[in-house]
Amino acid sequence: MTYKEEFIKFMSDSGVLTFGDFTLKSGRKAPYFINTGNYKTGAHLARLGGFYADCIKEHNLESDILFGPAYKGVPLAVSAAVALYDKYGIDVGYCFDRKEAKDHGEGGLFVGRQPQSGSRVIIIEDVMTSGKALREVLPKLQSAGDIKVTAMIITVDRMEKALDSELSAVQQAYKDFGITVHSIVTINDIINELLPREKQQESLEVCDGLFDLLRSITQGVYLLGELSPASLDAIQSFGELWS
C-alpha cells in the first residue's frame, strides 16, 4: 500500500473524510467534507506528520525550516519536522508566527527557528480553499529578510475552481506567487482509491457521495485528472451516472 492509499484510509478511519450534504465557507455546496479538527490525539498527529514527511521526501523538497501558520499550522509543522527526522534522518527547524508581534522577553513575530535571509522555507498547512492564509503569511516571512519559500504542503488538493476563476487555489498560488503547492493526496486520488472499494463493499452512503462529487465535476466545479480503470468500471456497473 502506498503512503497515499494509507493516508486516505487514515482520513476515513479518523472521521476526517466524510460524505453527505455540506455547505462550505465559500457558500458552495459539497458532497464531502474534510474535517481536520478530528485530528486530535497524539497518535493522529504522529501519523499525520509522517505523511507530510513522505510527501516532502517524494518530491525531494529542500528546506531549513518547516513553517506552520498560526494556529492550525503549528502542530502540523512540529509533527512534520519530528517525522522527517524519525523516518528519513533529515533534521530541519520548525517555526510558527504569532498573531501579534511580542514586544517583551525575547520579542519578535516568530517562535522556533527564526527565518532570516537565505532561509529555505516549506509552509505546512491542512487544506487550501482560497489561498488567503498564504497571502497573509508571505509578508510576515518576507519581513524577516530574503526568504525563499520552496514549497507549500497541504493534506488534500480539492481541485476545486475558485468562485471567480477558472483556476484552483493551488494553481492560483503558483500563478500569483510562483509557489508550488504539493498535496499528500488529491480528490482524484480519493475517488480512485475509494470508489472501486466502496462499490465492492456496497457502502452506498460513500458511493452516493462520490457520485455526487463526480456530478459536480461534470458541471465544471472541479478540475479532475484521469480516473482509474477500476473507478470507470465501478461507475459503469452502477448504470448511467448522469441521469
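Before reading further, recall that the structure is shown in the block above.
Enquirer: Any chance you could explain the environment of I8 here in plain terms?
Expert: Mapped onto the fold, I8 is located in helix α1 (residues 3-13). The sequence separation of I8 and V185 amounts to 177 residues, and the corresponding C-alpha distance is 7.7 Å. In this structure, I8 is in contact with V185, D189, I190, E193 and L194, ignoring residues within four places of it in sequence.

Enquirer: Looking at this model, I keep getting lost on unusual backbone geometry. Mind explaining?
Expert: Across the chain, the bulk of peptide bonds are trans and the bulk of non-glycine residues have phi less than zero. The omega torsion across A70 and Y71 is 0°, close enough to zero to call that bond cis. Position of Y71 among the secondary structure elements: in the loop between β3 (65-68) and α3 (73-88). Notably, N60 is not glycine yet its phi reads approximately 50°, a positive angle. A relative accessible area of 62% places N60 in the exposed class.

Enquirer: Where do I start with the pairing of strand β7 (residues 148-157) in this structure?
Expert: Looking along a regular strand, one sees the side chains alternate between the two faces of the sheet. Of all 10 residues in β7, eight are buried, a share of seventy percent or more. Pairing geometry for strand β6 (residues 120-124) and β7, over five bridges, is parallel. Paired with I123 across the bridge in β7 is M152. With helix α4 (residues 132-142) bridging β6 and its parallel neighbour β7, the resulting β-α-β unit is right-handed. Sheet topology note: the β7/strand β8 (residues 181-186) ladder contains five bridges and is parallel. Pairing of I153 across the sheet is with H182, part of β8.

Rules used throughout
Residues numbered from 1 in each chain as written. Predicted model: local features only at pLDDT ≥ 70, side-chain atom pairs only at ≥ 80, totals over all residues. Heavy atoms only, no water. Helix = DSSP H or I, 4+ residues; strand = E, 2+ residues; numbered from the N terminus. Contact = heavy atoms within 4.5 Å. Buried < 20%, exposed > 50% of the residue type's maximum accessible area, 1.4 Å probe, protein only. Pairing = 2+ DSSP bridges. Right-handed = clockwise from strand over helix to strand, strands pointing away.

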